[in-house]
Amino acid sequence: GRVAMMAAVGAVGQHYVKLPGFESVPSGLGALTTYPGSTAFAFLFFLAGFVEVSLWTEDPGKEPGNFGDPAGWSTTGLQEVSYGGGMRGKEINNGRVAMVAAIGIIA
């Protein structure tokens, strides 16, 4: 679900934002078949794998998928954030909608 949420935002955002050096790379899945796009994808793939394995490890004292508050929203005082049943349900529902959105963008 979380990956689908980021994929849906990234798939839409790539049409409006081009990073320096990637202006000639086509938008969409065509970016994977061109030189700078395929190299950047490989770099991001291995970077994400490194971060998943080394930095974002699960705490054995918490249930699977509960990473707490990694962005630090609860320290801002704007909203009390707890990862309870209500928050989990909202995240699962948003993830399901994002999965459908990502499939719709690709199709």
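Since the structure is predicted, the reported quantities are computational estimates derived from the model, not experimental observations.

**Quick look at the packing of aromatic side chains**
Overall, the coordinates contain two aromatic pairs when judged by the stated rule. Aromatic pair Phe-41 and Phe-45: ring centres 6.2 Å apart, planes at 35°, arrangement tilted. Remark: Phe-45 and Phe-41 occur in helix α2 (residues 35–54); sequence separation between them is four residues, near one turn of the helix. Residue class for Phe-41 comes out partly exposed when judged on its relative accessible area of 44%. Seen in terms of ring centroids, Phe-45 and Phe-46 are 5.6 Å apart; in terms of plane orientation they differ by 80°. Their pairing is edge-to-face. Three or more aromatic residues joined by ring pairs make a cluster, and in this case those are Phe-41, Phe-45 and Phe-46.

**Notes on the layout of surface pockets**
Empty space among the atoms becomes apparent when a probe as large as a water molecule is rolled across them. In this structure, the second largest pocket occupies an estimated 160 Å³ of space. Taken together, 12 residues form the lining of the second largest pocket, with Gly-1, Arg-2, Arg-88, Glu-91 and Ile-92 sitting closest to its centre. Of all the secondary structure elements, the ones that give two or more residues to the lining of the second largest pocket are α1 (2–13) and α3 (85–106). The dominant element in the lining of the second largest pocket, judged by the number of residues it contributes, is α3, at six residues. For the lining of the second largest pocket, the class distribution of residues is five nonpolar, three polar and four charged.

**Looking at the confidence of the model for the protein**
Per-chain confidence: the protein averages 82 in pLDDT, with 84% of residues scoring 70 or above. Of all secondary-structure elements in the protein, the lowest mean pLDDT belongs to α1, at 84, while α2 reaches the highest, 90.

**Quick look at α3**
In this model, α3 (22 residues) spans 32 Å end to end at C-alpha, consistent with the 32 Å of a helix rising 1.5 Å per residue. Taken together, the buried residues of α3 touch α1.

Scoring rules and cut-offs
Residues numbered from 1 in each chain as written. Predicted model: local features only at pLDDT ≥ 70, side-chain atom pairs only at ≥ 80, totals over all residues. Heavy atoms only, no water. Phe/Tyr/Trp six-rings, centres within 6.5 Å; stacked < 30°, edge-to-face > 60°. Helix = DSSP H or I, 4+ residues; strand = E, 2+ residues; numbered from the N terminus. Buried < 20%, exposed > 50% of the residue type's maximum accessible area, 1.4 Å probe, protein only. 1 Å grid on protein atoms, 1.4 Å probe; cavity = no way out; pocket = protein on both sides within 12 Å on 5 of 7 lines; lining within 4 Å. Points joined across faces, edges and corners; volume = space filled by probe spheres on them. Nonpolar A, V, L, I, M, F, W, Y, C, P; charged D, E, K, R; others polar. pLDDT = per-residue confidence, 0-100. Expected span 1.5 Å × (residues − 1). Contact = heavy atoms within 4.5 Å.

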